[in-house]
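What follows is each chain in one-letter form.
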Amino acid sequence: MRMRHRPNLAPRMEKCSTVWVTEPKELRGSWREEFPGYEALWLEIGCGKGRFTADTAEANGDILLLAVEKSADAMIKGMELVCDRGIENVRFMDIDALALRELFAPDEINRIFLNFSDPWPKSRDAKHRLTAPGFLRSYADVLPEGGEIHFKTDNRPLFDWSLEQFASEGWEIRELSNDLHANGAVGIMTDYEAKFHAQGIAINRLVAVKNGNTKSGKDGVPPRLYDSALSDARGREQKP
């Protein structure tokens, strides 16, 4: 679906310039020097309208949360939310996650959030999933050993497929759940998550931890993906 162009986008983004990093590649390897005083750097890939971004940063004032969203039309809502609430420990970047290695040096990020990413259900598009081997190796390149990926989705087929990719790429899996909110709301929700939870749709979650066996860019080209079509979480089959 084409993102609707938001009116007056440029002036709205300029108004939020204090939380907008316009040239993030220039900060590779020096994020901590540019933004001193924080205990850790967390990265959210695909921040959308920013509910999770704002709430997470507000609850963790000792960390700097870096929010990546390739669509500025979507990101502006999160920027405005953060500015309206006076949250200072967030920075936004309108850039594609494919550029991750150009943004961050090895070991520079402590934690990555992947929340309700596009499942790209067709087999030919599997490489675009944010839990595909190519992306997992780029995350391993910027995380230190012990660094974490926090992954949530309502799409059970995507979750199961992602579990296979994490395992084959050598990540340690912790805190796995196929119904995160079964006994009541847990943690900070995204807008999508709150909507799905209200509809009674189960939320899948895991934490993947980088260890000595985790594959990274130095391990070469990731394997090609075959027969990777997904069925939708609510039962509609997707053909490759």
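About the criteria used
- Residues numbered from 1 in each chain as written.
- Predicted model: local features only at pLDDT ≥ 70, side-chain atom pairs only at ≥ 80, totals over all residues.
- Heavy atoms only, no water.
- Helix = DSSP H or I, 4+ residues; strand = E, 2+ residues; numbered from the N terminus.
- Rg over C-alpha atoms; globule rule 2.2 N^0.38 Å.
- Buried < 20%, exposed > 50% of the residue type's maximum accessible area, 1.4 Å probe, protein only.
- Contact = heavy atoms within 4.5 Å.
- Areas by Shrake-Rupley, 256 points an atom, 1.4 Å probe, with all protein chains shown as cover.
- Lys, Arg positive; Asp, Glu negative; His and termini not counted.
- Charge placed at Lys NZ, Arg CZ, Asp CG, Glu CD.
- Pairing = 2+ DSSP bridges.
- Axes fitted to C-alpha atoms, helices over the stretch in contact; angles between N-to-C directions.
- Salt bridge = Lys/Arg side-chain N within 4 Å of Asp/Glu carboxyl O.

Enquirer: Is there a simple way to explain the overall build of the protein in this structure?
Expert: Secondary structure summary: the protein contains eight helices and seven strands in total. Taken against the 2.2 N^0.38 rule, which gives 18 Å for 240 residues, the C-alpha radius of gyration of the protein at 18 Å falls within 12% of a compact globule. Reported as C-alpha extents along the three principal axes, the dimensions of the protein are approximately 45 × 40 × 35 Å. In the protein, which comprises 240 residues, the proportion classed as buried is 52%. Sequence-distant contacts in the protein: of pairs separated by 6 or more residues, those separated by 24 or more amount to 79%. Split by element, the accessible area of the protein, about 12,100 Å² in all, is 47% carbon and sulfur. Charge centroids of the protein, computed over 33 positive and 38 negative side chains, lie 6 Å from each other.

Enquirer: Explain the sheet that holds strand β2 (residues 63-68) here, please?
Expert: The pairing of strands in a sheet happens through backbone hydrogen bonds and is either parallel or antiparallel. Here seven strands make up an open sheet; going across it, the order is β3-β2-β1-β4-β5-β7-β6 and the pairing mixed. In this open sheet, the two strands that pair with only one neighbour each are β3 (90-93) and β6 (172-177). Looking at each pair of strands side by side, their axes are set apart by 15° on average, direction ignored. Two elements, β2 and β3, share four bridges in a ladder whose sense is parallel. For leucine 65, the partnering residue across the bridge sits in β3 and is valine 90.

Enquirer: Just checking my understanding: could you explain the pattern of salt bridges for this structure?
Expert: Any two side chains of opposite charge can pair, so long as their charged atoms come close to each other. A full pass over the atoms with the stated rule returns 13 salt bridges. The partner of arginine 101 in a salt bridge is aspartate 141, with the nearest N and O atoms 2.4 Å apart. Of this pair, arginine 101 sits in helix α5 (residues 100-103) while aspartate 141 sits in helix α6 (residues 133-142), and the two are 40 residues apart along the sequence. Between lysine 218 and aspartate 219 there is a salt bridge; the shortest N-O distance is 4.0 Å. Here the residues in one salt-bridge network are Asp55, Glu58 and Arg85, joined through shared partners.

Enquirer: In this structure, what is going on with unusual backbone geometry? I would like to understand it.
Expert: Working note: non-glycine residues mostly have negative phi, and peptide bonds are mostly trans. Residues other than glycine seldom take positive phi values, yet phenylalanine 116 does so here, at roughly 55°. Among the structural elements, phenylalanine 116 can be located in the loop between β4 (111-115) and α6. Judged by its relative accessible area of 12%, phenylalanine 116 falls in the buried class.

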